[in-house]
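Results of the structural survey
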Amino acid sequence: MRGQVVIRLGKLEDIDELAQLLMRAYQGLEAYGEESVSEARRYLKWLRRTCKSGFLVAEVNGCVVGFIAACPEWKDWELGTVLEIHEIVVAPEWQGKGVGRALLNQAYSLGHSHGRKLAALWVGVGNMKAREWYKKLGFKEIGRWGEWIRMFRPIPEPKDE
Ligand SMILES: CC(C)(COP(=O)(O)OP(=O)(O)OC[C@H]1O[C@@H](n2cnc3c(N)ncnc32)[C@H](O)[C@@H]1OP(=O)(O)O)[C@@H](O)C(=O)NCCC(=O)NCCS
């Protein structure tokens, strides 16, 4: 990839751009995305409030190319307190270049610093691309609830990355 991926905390001023990015990335996956840009904005504000230090933006050469919203204090009724990956999105033209992996690794570091052992997430049943991607990155499917699949994996030790 030309240029280095820089990961920084997401700001309120990023929300408009991230909403556009989210709508583009979910084209063809509308069942699992947001209905409109304004819904996407509302969702992103909720993610930022909920995830705080886990609301992270990826930039390459100063351009926003993706984000992750990961909460290191999420209570799961089965798994206990986990690092919950609420959302991860990479701009279509930047997919397959390691940006998503870099965002996940940063989220793992946050989870690790909060003493978390597990990362967990929900993914749409029909979002095969993301389901395969998570499997490739070590997540296992552990159940289904309606249109959503629950996945989890142990958070890698920093030295493993
Ligand atoms: C899922 C998503 C975040 C992945 O981000 P990405 O930046 O394209 O992923 P990366 O380039 O970091 O991929 C890392 C590795 O996975 C591989 N990979 C990429 N897509 C893959 C797929 N669909 N299945 C299996 N492996 C895949 C890459 O080749 C790379 O492998 P390597 O390191 O051995 O070369 C991105 O496709 C996306 O934004 N999708 C739309 C939104 C979405 O569905 N989000 C998930 C919500 S639950």
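Fair warning: this is a prediction, and the values are worked out from it, not measured in the lab.

A word on the overall build of the protein chain. Within the protein chain, the secondary structure is distributed over 4 helices and 7 strands. For the protein chain, the N- to C-terminal ordering of α and β elements is β-α-α-β-β-β-α-β-α-β-β. The C-alpha radius of gyration of the protein chain comes to 15 Å, within 12% of the 15 Å expected for a compact globule of 161 residues. Overall, the C-alpha framework of the protein chain stretches about 35 × 35 × 30 Å when taken along its three principal axes. When each of the 161 residues of the protein chain is scored for burial, the buried share is 43%.

We now examine the packing of aromatic side chains. Working definition: an aromatic ring pair is given by the centre-to-centre distance plus the angle between the planes. Tallied over the entire structure, the rule returns 5 aromatic pairs. Here F55 and F67 contribute two aromatic rings whose centre-to-centre distance is 6.2 Å and whose plane-to-plane angle is 45 degrees, an arrangement assigned as tilted. You can see F55 sitting in strand β2 (residues 55–60) and its partner F67 sitting in strand β3 (residues 63–76), a full 12 residues away along the chain. F55 sits in the buried class, given a relative accessible area of 0%. Pairing Y134 with F139 gives two aromatic rings, centres 5.4 Å apart and planes at 65 degrees, and the pair type is edge-to-face. Judged on exposure class, the residue Y134 and its partner F139 are both buried. Ring-pair connections join several aromatic residues into one group, and the members of that group are W133, Y134 and F139.

Turning our attention to the site of the ligand. Lining the immediate surroundings of the ligand are 22 residues, of which V90, G96, G98, G100 and R101 lie closest. G100 places a main-chain nitrogen or oxygen 2.8 Å from an oxygen atom of the ligand. Residue K136 places a side-chain N or O atom 2.9 Å away from an oxygen atom belonging to the ligand. Considering the ligand on its own, with 950 Å² of exposed area, one finds that the protein chains cover 77% of that surface.

So, on to the sheet that holds strand β6 (residues 140–145). Strand order in the open sheet formed by 7 strands is β1-β2-β3-β4-β5-β7-β6, and the pairing between neighbours is mixed. Either end of the sheet is taken by a strand with one partner, and the two such strands are β1 (5–9) and β6. Between one strand axis and the next, the sheet turns through 30 degrees on average, direction left out of account. Relative to β3, helix α2 (residues 37–51) is tilted by about 55 degrees, and along the sheet it contacts β2, β3 and β4 (80–90). Helix-sheet contacts for helix α4 (residues 128–136) involve β4, β5 (118–124), β6 and β7 (148–154), and the interaxial angle to β5 is about 160 degrees.

Before going further, it helps to spend a moment on the nonpolar core. With 47 residues, the main nonpolar core has F55, F67 and I85 as its most contacted residues. Apart from the residues within four sequence positions on either side, F55 is in contact with R8, L9, G10, I15, L18, L44, L47, R48, F67, I68 and A69.

Another point: the pairing of β2. The buried fraction of β2 is high, at 6 of 6 residues. Of the two faces of β2, the one carrying F55, V57 and E59 and the one carrying L56, A58 and V60 are both buried. Pairing of β1 with β2, which is carried by 5 bridges, proceeds in the antiparallel orientation. Bridge pairing in β2 places R8 opposite V57. Two strands pair when backbone bridges link them, and β2 and β3 are joined in this way by 6 bridges, in the antiparallel orientation. When the bridges of β3 are listed, V60 appears paired with C63. Remark: 2 residues form the turn of the hairpin made by β2 and β3, two consecutive strands paired antiparallel; N61 in that turn has positive phi of roughly 50 degrees.

Thresholds, definitions, all that
- Residues numbered from 1 in each chain as written.
- Predicted model: local features only at pLDDT ≥ 70, side-chain atom pairs only at ≥ 80, totals over all residues.
- Heavy atoms only, no water.
- Helix = DSSP H or I, 4+ residues; strand = E, 2+ residues; numbered from the N terminus.
- Rg over C-alpha atoms; globule rule 2.2 N^0.38 Å.
- Buried < 20%, exposed > 50% of the residue type's maximum accessible area, 1.4 Å probe, protein only.
- Phe/Tyr/Trp six-rings, centres within 6.5 Å; stacked < 30°, edge-to-face > 60°.
- Near = heavy atom within 4 Å.
- Polar contact = N/O pair within 3.5 Å; in protein donor to acceptor, adjacent residues only side chain to side chain.
- Areas by Shrake-Rupley, 256 points an atom, 1.4 Å probe, with all protein chains shown as cover.
- Pairing = 2+ DSSP bridges.
- Axes fitted to C-alpha atoms, helices over the stretch in contact; angles between N-to-C directions.
- Contact = heavy atoms within 4.5 Å.
- Core = buried A, V, L, I, M, F, W, Y, C linked by side-chain atoms within 4.5 Å.

These figures capture arrangement, not role.
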